[in-house]
Amino acid sequence: MRRTITARPASILTALSLLTAAASPGTAAAHAADCPGNPDALGTSRTIVVDPKEHPRIGTMQYGETLPLQDREVVLTFDDGPLPAHTNAILDILAAQCVKATFFLVGRMAKEFPQDARRIHDAGHTIGTHSENHPFQFGKLPPERMAAEIDDGVAHVAAALADPSQLAPFFRIPGLRRSDAVEAALSNRGIMNWSADFPADDWRKISPTQVTHFALSRLEAKGKGVLLLHDIQARTQAALPVILQQLKERGYRVVHVVPATPERPKTPTDPAQWVPHWIHGPNVAAKTPGGFVFGAPETPPHDAPRSIRSVWLMQQKPALLTSAVMLQPSPQLPLYGKASRTDISAASRQRSLARLPGSHPVRASEGAFRPLTAPIKTGSRAFGPNIH
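Cut-off values and rules
Residues numbered from 1 in each chain as written. Predicted model: local features only at pLDDT ≥ 70, side-chain atom pairs only at ≥ 80, totals over all residues. Heavy atoms only, no water. Salt bridge = Lys/Arg side-chain N within 4 Å of Asp/Glu carboxyl O. Buried < 20%, exposed > 50% of the residue type's maximum accessible area, 1.4 Å probe, protein only. Helix = DSSP H or I, 4+ residues; strand = E, 2+ residues; numbered from the N terminus. Pairing = 2+ DSSP bridges. Right-handed = clockwise from strand over helix to strand, strands pointing away. Arc of directions from axis to C-beta. Contact = heavy atoms within 4.5 Å. Disulfide = S-S within 2.5 Å. Axes fitted to C-alpha atoms, helices over the stretch in contact; angles between N-to-C directions. Parallel < 35°, antiparallel > 145°, perpendicular 65-115°, else oblique. Left-handed = near helix turned anticlockwise from the far one by under 90°. Nonpolar A, V, L, I, M, F, W, Y, C, P; charged D, E, K, R; others polar. Phe/Tyr/Trp six-rings, centres within 6.5 Å; stacked < 30°, edge-to-face > 60°.

A. Representation of the pattern of salt bridges in the model. One pass over the structure, following the stated rule, counts twelve salt bridges. Between R178 and E183 there is a salt bridge; the shortest N-O distance is 2.8 Å. For E183, a relative accessible area of 9% puts it in the buried group. For D201, the salt bridge goes to R218, with nearest N and O atoms at 2.9 Å. On the criterion of sequence distance, the pair formed by D201 in the loop between β8 (198–199) and α7 (208–222) and R218 in helix α7 is long-range, its members being 17 residues apart. The burial state of D201 is the same as that of R218; both residues are buried. If you follow the salt bridges from partner to partner, you end up with R46, E73 and R253 in one network.

So this is what it looks like as structure tokens:
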């Protein structure tokens with residue numbers, strides 16, 4: 001049974017009404033030269049102030065806009081926390097490099113670990129929400145349950161921070177399982193819906209080296225963007241120092257994002273800055289990428305034994321059926337000069353033309369990170385036809 005919040009309507013209204021209040025001064029940009037004890041730190045190059053109502057949906061994995069970043073700029077985001085065992089270590093790693101990020105907290109996690117939620121805030125990071133319980137099929141929830149997941153998550157994170165004004169009106173849909181109903185619910189609340197531009201696949205059972213490889217190769221393919229990570233994973237904790245080191249060596253700059261308030265006006269931008277070069281045209285349909293599945297097992301190599309590939313196909317069956325092209329025979333079409341017979345049982349069967357997606361396997365390596373020679377392209381059909 002879902003737990004409810006005492007005096008929920010008042011707490012929800014209070015939290016939501018204060019979402020756009022002033023944030024803490026700790027969100028100012030921290031340049032490498034100002035990083036105590038680490039003059040060679042990556043640092044935070046600048047802070048972007050955004051108006052959630054003007055740009056309610058960002059992230060080209062699903063939408064036609066993303067943050068107005070310059071070339072070789074990256075925004076770091078972390079989902080699913082706080083989880084003390086890993087979140088605190090990730091905060092230490094970011095602090096050592098004076099890097100600011102955006103954390104999307106799960107309501108029940110913040111309720112269980114309020115001191116860790118406050119530590120994220122006290123470190124100067126932006127805090128958004130990620131629902132109350134992280135239901136996987138978020139876009140298919142009944143409207144009442146969906147609203148409760150959004151509102152309870154906001155309320156519990158705001159309560160953990162002890163000051164609702166410190167909570168940004170930013171939300172990331174669990175599993176990126178968007179729907180028109182989800183987007184309408186967030187828009188009605190004045191909350192900005194964050195997708196991402198590329199993930200590091202750190203929710204999968206892969207090595208820290210692979211997490212680093214995916215993060216950097218996909219960033220290199222785009223040249224800039226919003227990176228999706230998870231602060232509840234040991235592999236992310238292990239990969240993050242290498243990711244930050246490589247960002248520094250490759251000339252990338254970290255950008256911090258905060259919401260606009262009456263006291264903090266939005267950063268002036270041109271509409272074209274919100275549409276990156278890899279988007280073809282301004283109107284890209286906001287649809288969940290069919291082949292993108294959180295928690296999906298790693299694609300086996302083409303030369304893997306048939307038994308391994310068979311297991312993989314069985315595990316992928318629900319996702320493949322969802323994203324496949326379905327065809328049904330038409331009784332009106334002639335077949336070899338004869339009218340086709342109408343067979344209700346046969347006509348009701350859907351035939352899937354889905355094929356095993358092409359894989360770009362990354363071999364696990366226990367050694368030191370090696371520079372990439374062939375970046376992985378994330379612009380496959382799984383991420384939508386307009387992304388390259």
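B. Broad picture of the pairing of strand β9 (residues 225–230). Taking burial as the measure, the six residues of β9 include six buried ones, the bulk of the element. By the bridge criterion, six bridges tie strand β3 (residues 73–79) to β9 in an arrangement that is parallel. Looking at β9, one finds that L76 is bridged to L227. Bridging between β8 and β9 involves two bridges; their strand directions are parallel. Residue pairing for β9: F198 is matched across the bridge by L227. The parallel pair β8 and β9, bridged by α7, forms a crossover whose chirality is right-handed.

C. Structural view of unusual backbone geometry. Following G81, the chain continues to P82 via a peptide bond in cis, the omega torsion being 0 degrees. Its identity as a non-glycine residue notwithstanding, D80 has a phi of 85 degrees, on the positive side. Positionally, D80 belongs in the loop between β3 and α2 (84–96).

D. The arrangement of helix α6 (residues 180–188) in detail. Among the residues making up α6, those that are buried are V182, E183, A185 and L186. All buried residues of α6 lie within an arc of 160 degrees about the axis, which places them on one face of the element. For α6, the exposed residues set more than 90 degrees away from the buried face come down to D180 and N188. Buried positions along α6 lie against β2 (57–58), α5 (143–161), β6 (170–171) and β7 (192–194). Looking one or two places after α6, you find G190, whose phi comes out positive at around 70 degrees.

E. Representation of the state of the cysteines within the structure. One pass over the full model with this rule turns up one disulfide. Two residues share a disulfide in this structure: C35 and C98, whose sulfurs sit 2.2 Å from each other. Every disulfide takes its handedness from the sign of the S-S torsion; for C35 and C98 that torsion is 90 degrees, giving right-handed. Residue C35 is found in the loop between α1 (8–17) and β1 (44–50), and its partner C98 is found in the loop between α2 and β4 (102–105); the two are separated by 63 residues along the sequence. C98 matches C35 in its accessibility class, with the two residues each being buried.

F. Geometry of the packing of α7 against helix α8 (residues 234–249). Remark: α7 packs on α8, axes separated minimally by 8 Å, with the N-to-C direction vectors making an angle of 40 degrees. Overall, the two elements α7 and α8 adopt an arrangement that is oblique. Relative to α8, α7 is oriented so that their crossing is right-handed. Taking contact as the criterion, the partners of P208, V211, T212, A215, L216 and L219 in α7 are, on α8, R235, A238, A239, V242, I243, Q246 and L247. Of the residues belonging to the contact of α7 with α8, the class tally is ten nonpolar, two polar and one charged.

G. Inspection of the packing of aromatic side chains at higher detail. Applying the stated criterion to the full structure yields four aromatic pairs. Here the aromatic rings of F138 and F171 are separated by 6.0 Å at their centres, their planes lie at 50 degrees, and the arrangement is tilted. With F138 in the loop between β5 (126–129) and α5 and F171 in strand β6, this pair connects stretches of sequence that are 33 residues apart. Neither F138 nor F171 differs from the other in exposure class; each is buried. Taking the centre distance of 5.0 Å and the plane angle of 40 degrees together, the rings of F170 and W194 count as tilted. Of this pair, F170 sits in strand β6 while W194 sits in strand β7, and the two are 24 residues apart along the sequence.

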